[in-house]
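Notes for the structure review
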Amino acid sequence: MMEKVLQTFESFPVQKFLDGKSAWTGQVLKVDLSSGEMRVDRQGEDFYRRYLGGRGVILYYLLNETPPGVDALAAENLLIFAPGLLTGTVLPGSGRHAVGGKSPLTGALASGEAGGFWGAELKRAGYDAIVISGKAQTPVYLWIRDGKVEIRDASHLWGKLTADAQDIIRAELGDKNIRTALIGPAGENLVRFASVMHDVNRAAGRSGLGAVMGSKNLKAVAVRGSMNVGLANKEVLDETLKWILSGYKTMMGWAIKYGTPGSVRYNHDSGGTAINNYRDSALEGIEQLEAKSYFPKFVTARDTCYRCPVRCKTVVNYRGEGANIEGKYGGPEYETFGALGPLCRINDPVAVAKANELCAAYGLDTISSGGTVAFTMECAEKGLLHGFDFVPEFGNGASLIESITRIARREGIGDWMAEGSARMAQKIGKNAIEMLAVAKGQELPLHDPRMKNATALGYALSPTGADHMHNLLDNFANFPDSDVTNRLKEMGIDAPLPLFGLSDEKIKAYMYEVAVKHVFDSAVICQFYPYEYRHLCAALSAAGGWEVSIQEVHQIGRRIAIMARQYLLREGFTVQDDTLSARAFYRLKDGPIAGRGLTIQELKQGVQRYFELMGWDDRGVPPPNIS
Ligand code: SF4
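The structure contained in this document is the topic of the report that follows.

1. Let's talk about the site of the ligand
Taken together, the neighbourhood of the ligand is formed by Gly93, Met252, Thr304, Cys305, Cys308, Val310, Cys312, Lys313, Cys526 and Phe528. Looking at the shell around the ligand, its residues break down into seven nonpolar, two polar and one charged.

2. Describing unusual backbone geometry
In this chain, Ala495 is followed by Pro496 through a cis amide linkage whose omega measures 0°. By secondary structure assignment, the location of Pro496 is in the loop between α21 (483–490) and α22 (504–523). Cis rather than trans, the peptide bond between Ala523 and Val524 has omega equal to -25°. On the secondary structure map, Val524 appears in the loop between α22 and α23 (533–544). The phi dihedral of Asp146 is positive, around 40°, even though this residue is not glycine. Take Asp146: it is sitting in the loop between β8 (140–145) and β9 (148–153). Positioned with a positive phi, Val200 is a non-glycine residue whose angle comes to about 80°.

3. Examining the side chain of Ser399
Here Ser399 shows up in helix α15 (residues 397–409). The residues contacting Ser399, other than those within four sequence positions of it, are Met377, Phe390, Pro392 and Glu393.

4. Remarks on the packing of helix α3 (residues 54–65) against helix α24 (residues 550–570)
Where α3 contacts α24, the two axes come as close as 10 Å, and the packing angle between them is 35°. Crossing of α3 over α24 shows left-handed handedness. Across the interface between the two elements, Arg55, Gly56, Leu59, Tyr60, Leu62 and Leu63 from α3 touch Ile560, Met563, Ala564, Gln566, Tyr567 and Arg570 from α24. The residue inventory of the contact of α3 with α24, partitioned by class, reads eight nonpolar, two polar and two charged.

5. Focus: the packing of α22 against α24
Where α22 meets α24, the closest approach of the two axes is 8 Å, and the angle between their N-to-C directions is 90°. The orientation of α22 with respect to α24, classified from their angle, is roughly perpendicular. Contacts between α22 and α24 pair Met511, Tyr512, Ala515, Val516, His518, Val519 and Ser522 from the former with Val553, His554, Ile556, Gly557, Arg558, Ile560 and Ala561 from the latter. Taken together, the residues of the contact of α22 with α24 sort by class into nine nonpolar, four polar and one charged.

6. A few points about the environment of Ile433
Looking at the secondary structure, you find Ile433 in helix α18 (residues 430–433). Residue classification places Ile433 among the partly exposed positions, given a relative accessible area of 32%. Counting along the chain gives 149 residues from Ile433 to Ala582, while the straight-line C-alpha distance between them is 7.4 Å.

7. With respect to the sheet that holds strand β7 (residues 129–133)
Across the sheet, six strands lie side by side as β3-β2-β7-β4-β5-β6; this open sheet has mixed pairing. Both outer strands of the open sheet, β3 (38–42) and β6 (109–114), are each paired with one neighbouring strand and no more. With direction set aside, neighbouring strand axes in the sheet form an average angle of 20°. When strand β5 (residues 97–102) meets β6, the two strands line up antiparallel, connected through six bridges. By the bridge assignment for β6, Ala98 is matched with Glu113. Against the sheet, α3 makes contact with β2 (27–32), β3, β4 (79–83), β5, β6 and β7, and its axis sits at roughly 25° relative to β5, the strand it touches most.

8. Things to note about the nonpolar core
Ranked by internal contacts, the top residues of the largest apolar core, which has 98 residues, are Leu364, Leu488, Leu580 and Tyr610. Not counting chain neighbours up to four residues away, the residues in contact with Tyr610 comprise Leu461, Ile507, Tyr510, Met511, Ala561 and Trp616. With 60 residues, the next largest nonpolar core counts Tyr51, Ala82, Met227 and Leu536 among its residues.

9. Here's the deal with the pattern of salt bridges
With the rule as written, the count across this model stands at 45 salt bridges. A salt bridge links Asp199 to Arg179, with the nearest nitrogen and oxygen atoms 3.1 Å apart. With Asp199 in the loop between β11 (196–198) and β12 (202–204) and Arg179 in strand β10 (residues 179–182), the pair connects residues that are 20 residues apart, well separated along the chain. Put simply, Asp504 and Arg609 hold a salt bridge, and the shortest N to O gap is 2.5 Å. Here the residue Asp504 occupies a position in helix α22, and Arg609 occupies one in helix α25 (residues 600–614), the gap between them amounting to 105 residues. Overall, the relative accessible area of 33% leaves Asp504 in the partly exposed class. Three or more residues are tied together by salt bridges with common partners; here these are Arg279, Glu378, Glu381, Lys382 and Arg583.

10. Some words on the environment of Gly88
Relative to the elements of secondary structure, Gly88 occurs in the loop between β4 and β5. Looking at Gly88, the relative accessible area reads 2%, which means it is buried. Along the chain, Gly88 and Ala509 lie 421 residues apart, while their C-alpha atoms are 30 Å from each other. Sequence-distant contacts of Gly88, that is, excluding residues within four places in its chain, are made with Ser94, Ala120, Val229 and Tyr306.

11. Some remarks on the sheet that holds β8
On the basis of which strands lie adjacent, the open sheet formed by seven strands has the order β1-β9-β8-β13-β10-β11-β12 and mixed pairing. Two strands close off the open sheet at either side, each with one partner strand: β1 (5–10) and β12. Taking the axes of each pair of neighbouring strands and ignoring which way they run, one obtains an average angle of 20° across the sheet. Relative to β11, β10 runs antiparallel, the two sharing two bridges. Residue pairing across strands places Leu182 opposite Met197, the latter belonging to β11.

Conventions adopted
Each chain carries its own residue numbering, running from 1 in the direction its sequence is written. Per-residue local features are limited, in this predicted model, to residues with pLDDT of at least 70; the limit for side-chain atom pairs, both in listing and counting, is 80 or more; totals at the level of whole chains, interfaces and linings are taken over all residues. Excluding hydrogens and water, the side-chain figures rest on all heavy atoms present in the structure. Each residue is tested against the molecule or strand, and it is near if at least one of its non-hydrogen atoms lies within 4 Å. Throughout, the ten residues Ala, Val, Leu, Ile, Met, Phe, Trp, Tyr, Cys and Pro are labelled nonpolar, Asp, Glu, Lys and Arg are labelled charged, and all others, Gly among them, are labelled polar. Each helix is a run of H or I in the DSSP string that is no shorter than four residues. Each strand is a run of E no shorter than two, and both are numbered from the N terminus. Contact between two residues is taken to exist if any of their heavy atoms lie within 4.5 Å; hydrogens are not considered. For helices, the axis comes from a line fit to the C-alpha atoms of the stretch in contact; other axes are also lines fit to C-alpha atoms, and the angle between any two N-to-C directions lies between 0 and 180 degrees. For a crossing to be left-handed, the near helix must be turned anticlockwise from the far one by less than a right angle; the clockwise case is right-handed. Relative orientations are named as follows: roughly parallel for angles under 35 degrees, roughly antiparallel for angles over 145 degrees, roughly perpendicular for angles from 65 to 115 degrees, and oblique for any other angle. Burial classes: relative accessible area under 20% of the type maximum marks a residue as buried, over 50% as exposed, and values in between as partly exposed (1.4 Å probe, protein chains only). Pairing between strands is defined by DSSP: at least two bridges between them are needed. Buried Ala, Val, Leu, Ile, Met, Phe, Trp, Tyr and Cys residues that are joined via side-chain atoms within 4.5 Å together make up what is termed a nonpolar core. Salt bridges are counted wherever a side-chain nitrogen of Lys or Arg sits within 4 Å of a carboxyl oxygen of Asp or Glu.

This is how it looks when you write it as structure tokens:
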């Protein structure tokens, strides 16, 4: 068939970028899918110094260009793809970018980051970000190559699994190295926790950005670029580059060996992984999910991101009893193991890896998928679901796999689950609400808030609903000589901090670390690299050509935290929403976290102390002027 080009646009970045002397192009591509109009916002140095890119740029456009209270699935919501100041530079771990908009799951901010190569490719194609508004009349995709943009017909791609759609796009554009951001059937069917997949196996997973993309009738954004992302002053980075290249094998040995799946056993044994929808302290057969037994049977290769020698990603190829699993969809990370395994009381690695593959193929967030399936399993166990031809059961891997397919297709109970556990609980009633493990309607990641109390505070305060990335994990602040501990020491905190509890010192540590994480997610670089302040300051200084101090890092991080809070308040959230649902307060009777966890009152006090430290009032309202 003839592939139709519906609109074209062409723009070229500023000369400095083409000459490799700048880390930014100065161009934000604006695409209105309702009218087909495309244009460029030209941004200057002050914009990049204030917001860096990533989450900072997402918040800038959401606050300035969306109406308050807009429906997340309406044409007026924006879908924003934003690499950062450091994306695509020579810095290892600089392959990341952010995706954002208003979340259809929570009604709050959606801001997720993905690794791989797509973000660097977009910068190399001449754009620092894409801001997409409107809704196409029929399915379309964007094709961006070195400044040139086409809106193309995607009718033939609608309904396809992510890898099939990517294969067709690469074939019809005649380039197997094209990088894709795309949705699967889950995004098309407006599943509220659908993800945006990049090159099929890297997800901007959380908060339903895939559904925002589906609501715009946008199947994919394909990119290819040949320009070089420069640095204003590369010499400033030399010491940091030497530190990474000579030390990464030691500093990141854990990532080289097993990647995040290597922490499955530690998290289980220490009480960090929720089991059986937060009701058990151990999973029988956990050793089958443990890296040393799982890797030899399932992991056939390792994968990496742009300019990263670490290669922490796994590739799972499996042909055997129970399932065939295709390597092109990657392999499960720790969060996925936890959500699709112990949380659902499943110890079968084939079921977990197959469910992970299906989440990538359909385009679903694995954390919210696992959280919602576990919640549904408990509803079924307690006899709260009636009239369905299928309901999932704890410990049953086949029923997990069936659930993922039904969610993506919105079939039977899958149509309820596709709304997320919080909406489902509202439908079922009080008994179900008591089983919920969410913050602001988003399912909790697999860092149990009863063990990690600073993380609990972070879940409650997060502008996106529960998230572990812009957060402080207590165990990292408890390891002697971790990057977190060393950064905290520089802020005058007597680290390492005790593992349990929410002391005043820990709340301060949370405040500092969240600011730094906002900088990581705006710049946008991999959080697995153990950057200390001097490395972060050097990287930002080299990219921008201005001198960035620790104080400026915190000023930027606080600015982004304030913008995120302002967005949350603007969208109708109040201090009453800065909390966790019932299951986070359920007490275990045995195991490593028996009887542990914050009370609601302790959490409230922590929230108020954070407001105080930030200079916000007791409703969490920041002063009107942001410096
Ligand atoms: S450490 Fe892992 S996640 Fe980070 S950039 Fe490297 S491969 Fe990607």
